[in-house]
Amino acid sequence: KYVNYMNKQCCYLCSSDEYIVRQGSVRDNPEIKILECTDCGLVYLSTLNHITEDHYESSGMHNGERPDIDAWLKDTQVDDERRYLFLKEQMTNKTILDFGCGIGGFLGYAKQSASAIAGVELEKALQPSFQKRALNVFSNLESTFETGNKYNLITAFHVVEHLSDPITVLKELSGLLADGGELIVEVPSSDDALLTFYNCKAFQNFTYWSQHLFLFNAATLTDLVKQAGLNVNWI
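Quick caveat: nothing in here was measured; it's all calculated off a predicted structure.

K.L.:
What am I meant to see in the state of the cysteines here?
P.N.:
By definition, a disulfide links the sulfur atoms of two cysteines through a covalent bond. According to the stated counting rule, one finds zero disulfides in the structure shown. Residue cysteine 11 stays outside any disulfide, its sulfur separated by 3.5 Å from that of cysteine 40, the closest cysteine. Overall, cysteine 11 belongs to the buried group, its relative accessible area being 0%.

If you want it as structure tokens, here you go:
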């Protein structure tokens, strides 16, 4: 399923063309508006025209420049450790796939507990770093499927909001789950009090980013997951 709201400004989840424009601005492109569906509540950008076919492969999230690897690892260390500690028991002696693994900081922690780890990261400039640190990271989902491997746990930390067609990607990821496997998704919240109740402009200008194509709350994330044919265990 894919709704071309870039022209019609229709909601990706429910196809409604009724929306309000949220307060705040997209930090790196103030011409893009932040829309909120008045039917289902999905928050989405008014256009996706800036996301080209090879956007993520070509370091589009970093304006086409190769990121500083050491700085990136240091910047994500707190979140990487938090996620590892949260899932440590669940990962013990299990096979793990981290989809959209970024620089691979979480994988560095996960290999302490998991029986096998792998990642998927589209950004081609990061492959030399993965090889240097002996991390098995695929450059696309197709390569992941070709191995025939299945995973007990698939993680997607702050990735789904970057996908132009997240339902299709979640369906594909579900095909990589072993029997009884689980998919863990972490996304920023469109209901964050700093965005809504407190109307904090500094936080709005941080969270509303041209790379954040969608923002979800508990209801819209549930809808997304169900449309992908998955069951929600907890949020």
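Don't stop here, the text continues.
K.L.:
Mind showing me how you'd approach the sheet that holds strand β2 (residues 34-37) here?
P.N.:
Taking strand neighbours across the sheet as the criterion, the four strands line up as β1-β2-β3-β9 in an open arrangement whose pairing is antiparallel. Two strands lie at the open edges of the sheet, namely β1 (19-21) and β9 (214-215), each paired on one side alone. Bridge analysis of β1 against β2 gives three bridges, and the strand direction is antiparallel. Each residue of the ladder has a partner; that of valine 21, found in β2, is leucine 35.

K.L.:
Any chance you could explain the pattern of salt bridges here in plain terms?
P.N.:
A side chain with one charge may pair with a side chain of the opposite charge, provided their charged atoms come close. Overall, the coordinates contain four salt bridges when judged by the stated rule. The salt bridge partner of arginine 22 is glutamate 36, with a shortest N-O separation of 2.8 Å. One end of the pair, arginine 22, is in the loop between β1 and β2; the other, glutamate 36, is in strand β2, and 14 residues separate them in sequence. Taken as a pair, arginine 22 and glutamate 36 share a single burial class, namely buried. Two residues, glutamate 186 and arginine 82, come together in a salt bridge whose shortest N-O distance is 3.1 Å. Taken together, the residues span a long stretch of sequence, with glutamate 186 in strand β8 (residues 177-186) and arginine 82 in helix α2 (residues 69-91) at a distance of 104 residues. Overall, glutamate 186 belongs to the buried group, its relative accessible area being 16%. On the basis of relative accessible area, arginine 82 is assigned to the partly exposed category, the value being 40%. Where salt bridges share partners, they join Asp79, Arg82, Arg83 and Glu186 into one cluster.

Definitions and limits used
- Residues numbered from 1 in each chain as written.
- Predicted model: local features only at pLDDT ≥ 70, side-chain atom pairs only at ≥ 80, totals over all residues.
- Heavy atoms only, no water.
- Disulfide = S-S within 2.5 Å.
- Buried < 20%, exposed > 50% of the residue type's maximum accessible area, 1.4 Å probe, protein only.
- Pairing = 2+ DSSP bridges.
- Helix = DSSP H or I, 4+ residues; strand = E, 2+ residues; numbered from the N terminus.
- Salt bridge = Lys/Arg side-chain N within 4 Å of Asp/Glu carboxyl O.

Interpretation note: all reported values are geometric properties and have no functional meaning in isolation.
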